[in-house]
Amino acid sequence: MEFLFLGRPKNGTIYYSPNLQANELNIEEIIKEKIHKDVYLKNDGMCAGIAEKAYGSLKESSNGIFLGIGTGIGTAVFMHGKLEEDIRSAGHMIIEKNGKRCNCGKNGCYEAYASMKVLKTQLRNRFQNENLSSKEILTLLQNSNEITKVEDILKEYIEYLAIGIANMARICSADTVCIGGSFIYFKDILFERLIKELDRIMVPMEKEMTKIKLATLGNDAGMIGATLIN
Ligand SMILES: [Zn+2]
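What counts, and at which threshold
Residues numbered from 1 in each chain as written. Predicted model: local features only at pLDDT ≥ 70, side-chain atom pairs only at ≥ 80, totals over all residues. Heavy atoms only, no water. Helix = DSSP H or I, 4+ residues; strand = E, 2+ residues; numbered from the N terminus. Rg over C-alpha atoms; globule rule 2.2 N^0.38 Å. Buried < 20%, exposed > 50% of the residue type's maximum accessible area, 1.4 Å probe, protein only. Contact = heavy atoms within 4.5 Å. Areas by Shrake-Rupley, 256 points an atom, 1.4 Å probe, with all protein chains shown as cover. Expected span 1.5 Å × (residues − 1). Polar contact = N/O pair within 3.5 Å; in protein donor to acceptor, adjacent residues only side chain to side chain. Donors = N, O, S within 2.8 Å, 3.2 Å for Na, K, Ca; no water. Tetrahedral: all angles 85-135°; square planar, octahedral: opposite > 155°, others 65-115°. Pairing = 2+ DSSP bridges. Axes fitted to C-alpha atoms, helices over the stretch in contact; angles between N-to-C directions.

A. How the structure looks around the overall build of the protein. The helix and strand inventory of the protein stands at 10 helices and seven strands. Since a compact globule built from 230 residues should have a radius of gyration of about 17 Å, the 18 Å found for the protein is in line with a globular shape. In terms of its C-alpha atoms, the protein occupies a principal-axis envelope of roughly 55 × 45 × 35 Å. Split into buried and exposed, the 230 residues of the protein put 49% on the buried side. Of the contacts formed within the protein by residues at least 6 apart in sequence, a portion of 60% connects residues at least 24 apart. Accessible surface computed for the protein: about 12,500 Å², of which carbon and sulfur atoms make up 50%.

B. Geometry of helix 4 (residues 116-126). Of the residues making up helix 4, those classed as buried are Met116, Val118, Leu119, Lys120, Leu123 and Arg124. The inward-facing, buried residues of helix 4 abut strand 3 (64-69), helix 3 (111-114), helix 5 (134-141), helix 7 (151-171) and helix 8 (187-201). With its phi angle positive at about 55°, Gln128 sits one or two positions after the end of helix 4.

C. Examining helix 2 (residues 44-55) more closely. Taking 1.5 Å as the rise per residue, helix 2 with 12 residues should run 16 Å; its terminal C-alpha atoms sit 17 Å apart, in good agreement. With respect to burial, helix 2 is a largely interior element, nine of its 12 residues being buried. Regarding helix 2, the residues found buried are Gly45, Met46, Cys47, Ala48, Gly49, Ile50, Ala51, Glu52 and Lys53. Check the buried side of helix 2 and you find it contacts strand 3, strand 4 (73-79), strand 5 (82-83), strand 6 (176-180) and helix 10 (221-226). If you check the start of helix 2, you find a side-chain oxygen 2.9 Å away from the backbone N of Gly45, and it comes from Asn43.

D. Structural detail: the coordination of the zinc ion. Protein ligation of the zinc ion involves His92 (ND1), Cys102 (SG), Cys104 (SG) and Cys109 (SG), the donor distances falling in the range 2.1 to 2.3 Å. Taken together, the four donor atoms coordinating the zinc ion span angles of 104 to 122° at the metal, a pattern that classifies the geometry as tetrahedral. For the zinc ion, the donor residues sit on a single chain with the sequence spacing H-x9-C-x1-C-x4-C. One end of the pair, His92, is in the loop between strand 5 and helix 3; the other, Cys104, is in the loop between strand 5 and helix 3, with 12 residues separating them in the sequence.

E. Here's a closer look at the sheet that holds strand 6. Here we have five strands laid out as an open sheet, ordered 5-4-3-6-7, and mixed in their pairing. Both outer strands of the open sheet, strand 5 and strand 7 (211-214), are each paired with one neighbouring strand and no more. Pairing of strand 4 with strand 5 involves two bridges; the strand directions are antiparallel. By the bridge assignment for strand 5, Phe78 is matched with Leu83. Where helix 7 meets the sheet, its contacts fall on strand 3, strand 4, strand 6 and strand 7, and the angle it forms with strand 3 comes to roughly 155°. Of the strands in this sheet, strand 6 and strand 7 touch helix 8, which is tilted by about 175° from strand 7.

Rendered as structure tokens:
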């Protein structure tokens with residue numbers, strides 16, 4: 001029986017992508033016809049993880065997890081140094097009972113609470129300006145008067161983000177969790193808060209076992225990883 005990957009392309013076909021709303025679409029064929037060159041399709045979170053494993057924050061790791069916090073939550077898990085292609089996205093694990101509807105059709109998914117897209121939407125609503133760019137949101141958060149207006153949103157966001165990281169780290173016995181995606185642009189606002197929250201919710205043994213690192217290759221990791229695939 002063929003196994004259908006949620007958001008994970010196989011044989012050039014996206015079987016089901018919640019964020020792109022692309023189902024059973026053979027992207028390789030479509031692009032190949034346009035540019036007349038060989039085209040290979042790979043999940044972007046996995047590519048970013050491959051790059052961090054080769055050159056970045058997961059280089060020295062044996063059991064390492066890459067989480068790309070962006071539009072959704074991309075995931076790449078390495079066990080004993082090897083990419084586990086069958087471990088699927090952390091973004092669609094349920095973390096809230098009767099929670100918000102996710103684009104995948106389930107309720108309470110991790111990425112419905114902890115993606116950067118969700119955070120930015122909440123911040124735009126609070127600042128009452130749906131046209132704010134990511135850069136403008138960041139500028140507002142760097143202003144001490146403005147950030148006080150959204151501290152409750154940041155607190156709740158970090159709480160959900162930390163739950164998923166703690167769960168994934170525990171399940172995979174991770175020595176390192178590497179955080180990438182567009183989260184990187186907001187690291188000065190979010191990373192210290194995240195470390196404090198993980199410190200609060202994880203037990204000493206877990207904290208000792210797992211280092212939390214930022215992606216060294218930033219938001220370019222996906223492109224770099226794509227060049228490393230044979
Ligand atoms: Zn989902």
